[in-house]
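Results of the structural survey
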Amino acid sequence: MTQFTFQLTDSLEKVLPACRPAALKGERAVLLQNQRWACQLAYTCANDDFGETSTEFRVRVTGPAAAAVTLRRVDLVPCDYPCHGTWDDNYLTTTPGLLPDLLVPLGPDEPVRGMPAQWRSLWVTVDASLLPPGDSEFTLKTFNDEGAALAAFRLPVRVLPQALPPQTLYQTQWFHADCLADYYQVPVFSEEHWRILDNFIGSAAAHGINMLLTPVFTPPLDTAKGGERTTVQLVEINWDGTDYHFDFARLRRWVELCRKHGITEIEVSHLFTQWGAICAPKIWVNTPDGPEKRFGWHTPAVGGEYTRFLRMFLPALKEELNRLVGLEHVWFHISDEPHDHEKETYAAAKATVADLLEGCHVIDALSSYAIYQEGIVEKPVVCNDHLQTFADHGVPNLWTYYCTVQAIDVPNRFIAMPSARNRIMGVLFYLYDIEGFLHWGFNFYNSQRSVRHIDPFRVTDAGGAFPSGDPFLVYPGPDGVPWESIRGEVLKEALQDLRLLRLTESRVGRPRTLALLRELGGEMSFTRYPRDKAFFARLWEECTRLCE
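Residues numbered from 1 in each chain as written. Predicted model: local features only at pLDDT ≥ 70, side-chain atom pairs only at ≥ 80, totals over all residues. Heavy atoms only, no water.

**Re the nonpolar core**
Where we set the bar: Throughout, nonpolar core names a set of buried Ala, Val, Leu, Ile, Met, Phe, Trp, Tyr and Cys residues whose side chains join them through atoms within 4.5 Å. Only protein chains enter the area calculation, which uses a 1.4 Å probe; residues under 20% of their type maximum are buried, those over 50% are exposed, and those in between are partly exposed. For this analysis, residues touch if any pair of their heavy atoms sits within 4.5 Å.
Counting 152 residues, the largest nonpolar core has Phe 272, Tyr 306, Phe 309, Phe 313, Leu 314 and Leu 317 as its most contacted members. For Leu 317, the residues in contact, after removing those within four places along its chain, are Val 216, Phe 248, Leu 251, Val 268 and Phe 332. Grouped together as the second largest cluster of nonpolar side chains are 29 residues, Leu 8, Cys 39, Val 59 and Val 159 included.

**What about unusual backbone geometry?**
Within the chain, Ala 117 stands out as a residue other than glycine whose phi angle is a positive 65°. Owing to a relative accessible area of 68%, Ala 117 belongs among the exposed residues under this scheme. With a phi close to 60°, Phe 189 is a non-glycine residue in the positive phi region. A relative accessible area of 13% places Phe 189 in the buried class.

**Notes on the packing of helix α11 (residues 510–521) against helix α12 (residues 534–547)**
As a reminder, the rule being used: Axis definition: a line fitted to C-alpha atoms, limited for helices to the stretch in contact. Angles are taken between N-to-C directions and run from 0 to 180 degrees. Secondary structure elements follow DSSP: runs of H or I of four or more residues count as helices, runs of E of two or more count as strands, with numbering from the N terminus. Put simply, a crossing is left-handed when the front helix is turned counterclockwise from the back one by less than a right angle, and right-handed when it is turned clockwise.
Viewed as axis vectors pointing N to C, α11 and α12 meet at an angle of 145°, and their least axial separation amounts to 10 Å. The element α11 and its partner α12 pack so that their crossing is right-handed. The segment α11 lies against α12, with Leu 516, Leu 517, Leu 520 and Gly 521 engaging Phe 535, Arg 538, Leu 539, Glu 542, Cys 543 and Leu 546.

**Considering the pairing of strand β16 (residues 283–287)**
Using the following cut-off: In short, DSSP must find at least two bridges between two strands for them to pair.
Residues of β16 alternate between two faces, with Ile 283, Val 285 and Thr 287 buried on one and Trp 284 and Asn 286 left unburied on the opposite face. Here five bridges tie β16 to strand β17 (residues 290–295), and the two strands are oriented antiparallel to one another. Among the inter-strand pairings, Asn 286 is bridged to a residue of β17, identified as Pro 291.

**Some remarks on the pattern of salt bridges**
Selection rule: What makes a salt bridge here is a side-chain nitrogen of Lys or Arg within 4 Å of a carboxyl oxygen of Asp or Glu, nothing more.
Under the counting rule described, the total for this entry stands at 40 salt bridges. For Arg 154, the salt bridge is made with Glu 137, and the minimal N-O distance between the two is 2.8 Å. Of this pair, Arg 154 sits in strand β10 (residues 149–159) while Glu 137 sits in strand β9 (residues 134–144); the two residues are 17 residues apart in sequence, bridging distant segments of the chain. The exposure class of Arg 154 is exposed, given its relative accessible area of 53%. In this structure Glu 137 comes out as partly exposed when scored by relative accessible area, which is 24%. Two residues, Glu 519 and Arg 512, come together in a salt bridge whose shortest N-O distance is 3.3 Å. The exposure class assigned to Arg 512 is partly exposed, which follows from its relative accessible area of 31%.

**Observations regarding the side chain of Thr 504**
As for its placement among the helices and strands, Thr 504 is situated in helix α10 (residues 486–508). Among the residues examined, Thr 504 registers a relative accessible area of 0% and is labelled buried. Not counting chain neighbours up to four residues away, the residues in contact with Thr 504 comprise Gly 509, Thr 513, Cys 543, Leu 546 and Cys 547.

Structure follows, in structure tokens:
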């Protein structure tokens, strides 16, 4: 015989198999007009006949708000590498195992299998933009395999007439076009690849990504020295023996996809290799004798043919992108994260293109304030565990990022971290008035240094290199459709928090909004912030009250 137990819980509760989740608090969901809100229906079962009795059940959504509700199944994923060898006390676990992350679409009346003696959950999303202002409700009804009712949960919803303002934060999470061709085993820039790119670019936009890494050349990122990633070069380059000529047809198609999904900013892939800007990126050129890998690890960054090439290429690229989107919406990189021992080679590479990029946005990741003081990187993207120094010195229009190293005290998105540690970023974006956020992996499906391809459903840590969850935010679902994650949904909630604070500021001013944050969460920084997920419920309650 099978006996089911169900319980509603909130979106910040990671439902662990061995732990009964905390019950959802609050009598109703109070939402702004364009807000997305989520909770979870947690479930477990007891079975005493070795599976002879079905452990499957079904969920139906009824009521006037039912059309605004979607259901997804939360699946466990492997976390072989939950954390580095040094960690703090704000992890769910530091032991390898299975943790909830993957969100699998659930079809109408599709059965859900309960696991005896394990808690699992369904992700329940309400899209308030599909509801009129006012009071509504929906009910989650569960039935066993024979159609008998098991449990029902009524959820009242109130939609307020106010709406969240548009997102003003720039956000890029590096989009790896090669990983999609590799995983789905389709030819690069074939029609099937373009279809898959369309799907994943749409998902990126849904995550608040409004700046897309654009592979004019194959991006020289996370590639072993001397190694290669699958070529994804949007610009076709022809050499007639004297000059270079450029075909931007594929770039135009890429930009059209960005526009289709509301992505306004084009982030040109790095002009020089990672870790010191020593070499040119891999670039294929059509010559009278056939295709040639003219540039790469075998060509120096400075002083050779590559410098000559860039002086032809960059003016042509700028002209094309200015026509397509306007140069104010184009962002360039020199080389990723120069360290102190690499600053001279970075500066030398930058000098070869400085005049060509004058007046353009040029950004690069940076940890060292001393390097910034030297003027080597004029627009730094600062890791969040070093940001305070830049903020204390009044550096304007700050950008920030986190990656594998930001594992102690600061927020991050590792699967083994509580969701509240991921979500607090939105509040901190507001507190520090951050202009932009960068992450290196929206869909990185390779091992570290791209030595081999991985199956992200089995390997969530780039082959044991980075804490699980760092390399990607979405999973490659069937038929070229991305499947999302808890971490991605929490990121969306964080961005809504930021927009809520902007709305509050528009009503009561920034000083009063900052005072409210102090009242609710105390003095905050990137290393000191509320860990209690109840903080976010209080934030929304107080902000919506001020905005009514």
